[in-house]
Amino acid sequence: MELLLESTLQSFLGWLGHGALNWAWWQILLCTLALTHVTIAAVTIYLHRHQAHRALDLHPAVAHFFRFWLWLTTGMVTKEWASIHRKHHAKCETEEDPHSPQTRGIETVFWQGAELYRAEAKNAETMEKYGHGTPDDWIEHNLYSKYSWQGVGLMLIIDVALFGAVGLSVWAVQMLWIPITAAGIINGIGHYWGYRNYECSDASTNIVPWGILIGGEELHNNHHTFATSAKLSSKWYEFDIGWLYIRTLEVLHLAKVKKLPPKLRHLKVAAEARPADLQTLQVLIANRYEVMARYAKMEKKVIQERSAELFTEMRHELTALWERSNVSGEQLVHQLQAWCARAEQSGVQALRDFSLRLRSYA
């Protein structure tokens, strides 16, 4: 009996120390990174691009896998996440934005992003107004939403069973991964520090040009400019790993991309031979963010103290072309023609070149 008890105790201590897998520390580390990366993929592909913005359709099996995985590893409810994110876009950088560092402070959003999320999830008005189209089936009501934190409890049991006592650390990393990377870094730093490809109306930034660690969400300015696009990278040097996964799923007929950013092409004709017309206006409005990004780049290169006021005034006049909702298309064309004429007669070569290029857009 004593031998049996001793053997049982040794077996228990061995399991407690190494778990069922009995892996080395580096194997556990790689596994932890892989597990958290699957969670990131689930957030960016399923919650963000598929549910919140409807940028792509997912095969039901893929969508349900992501929903189940998020229940296990985050306890997040799809309707809550999608609603809060949609409200963030609708009220961006205002007092009603659930997590803007511009109004709440970068330290608050970075360190308390998860708390801000949980507080907004209790707002019934937000859920009612922004939660349309999210899962409304039996399993959502009777498992995922009803027992949202039991999933992470099950994940704790699985981690300890597989890795032993160190499984507690694996589970802790899994639980902290989304609050730090998504709630803290993307919602915080992604509206506070970084570079901007597009002059959209909010303070969103691209943190780094290679979206790998957070699934492509690092390209946050691109996303806020083209919110309904399934692809977050824009420039040739940018990389969105989430888009790589989406394209892989599409090749396997497990996903269908619905929306991508518009592409601006340049006509191979002499700009002087083609005056600004309704087609120019339509292309300008459809590609306004790209146009204004090019304007900002040009302005930064050549601006001097004597022309700073002129550049600012011309920029405001150009953006007014798509902000005036009570003006006819014919009037807007005349205003565009007047803008081009003023730019080309301004005496500033950069403005003249910009106007000539604008008039050849198609």
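Refer to the structure above for everything that follows.
Worth saying up front: this structure is predicted, and the values here are computed from it rather than measured. (Residues numbered from 1 in each chain as written. Predicted model: local features only at pLDDT ≥ 70, side-chain atom pairs only at ≥ 80, totals over all residues. Heavy atoms only, no water.)

Teacher, can you tell me more about empty space enclosed by the protein here?
Where empty space is left becomes clear once a probe the size of a water molecule has been rolled over the atoms. Scanning the entire structure with this criterion turns up one cavity of 30 Å³ or more. As a volume, the largest cavity reaches approximately 30 Å³. Here the lining of the largest cavity is built from residues that sort into five nonpolar, one polar and no charged. (1 Å grid on protein atoms, 1.4 Å probe; cavity = no way out; pocket = protein on both sides within 12 Å on 5 of 7 lines; lining within 4 Å. Points joined across faces, edges and corners; volume = space filled by probe spheres on them. Nonpolar A, V, L, I, M, F, W, Y, C, P; charged D, E, K, R; others polar.)

Explanation requested: the nonpolar core in the structure shown.
Nonpolar side chains tend to gather and get buried jointly when the protein is soluble and globular. Ranked by size, the top nonpolar core spans 45 residues in total, and within it Leu58 and Met76 carry the most contacts. No other element matches helix H2 (residues 25-52), which puts eleven residues into this core. With sequence-adjacent residues up to four places away left out, Met76 is seen in contact with Val43, Leu47, Leu70, Trp81, Tyr117 and Ile178. Formed by 24 residues, the second largest nonpolar core is a distinct cluster that contains Phe311, Leu318, Leu332 and Cys340. (Core = buried A, V, L, I, M, F, W, Y, C linked by side-chain atoms within 4.5 Å. Buried < 20%, exposed > 50% of the residue type's maximum accessible area, 1.4 Å probe, protein only. Helix = DSSP H or I, 4+ residues; strand = E, 2+ residues; numbered from the N terminus. Contact = heavy atoms within 4.5 Å.)

For this particular structure, what's the right way to read the pattern of salt bridges?
A side chain of one charge can pair with a side chain of the opposite charge when the charged atoms of the two come close. One pass over the structure, following the stated rule, counts ten salt bridges. Between Glu317 and Arg342 there is a salt bridge, with the nearest N and O atoms lying 2.7 Å from each other. Of this pair, Glu317 sits in helix H15 (residues 308-323) while Arg342 sits in helix H16 (residues 329-344); the two residues are 25 residues apart in sequence, bridging distant segments of the chain. Residue classification places Arg342 among the partly exposed positions, given a relative accessible area of 31%. In this structure, Glu344 and Arg359 form a salt bridge, with 3.0 Å as the shortest nitrogen-oxygen distance. Of the two residues, Glu344 is situated in helix H16 and Arg359 in the segment after helix H17 (349-358); the sequence distance between them amounts to 15 residues. Residue classification places Glu344 among the partly exposed residues on the basis of a relative accessible area of 24%. (Salt bridge = Lys/Arg side-chain N within 4 Å of Asp/Glu carboxyl O.)

I keep staring at helix H4 (residues 78-90) and nothing clicks. Help me out?
Owing to its 3.6 residues per turn, the α-helix aligns residues three or four sequence positions apart on the same side. The terminal C-alpha atoms of H4 lie 18 Å apart, and with 13 residues this matches the ideal 18 Å at 1.5 Å per residue to within 8%. Buried within H4 are the following residues: Thr78, Trp81, Ala82, Ser83, Ile84, His85, Arg86, Lys87 and His88. (Expected span 1.5 Å × (residues − 1).)

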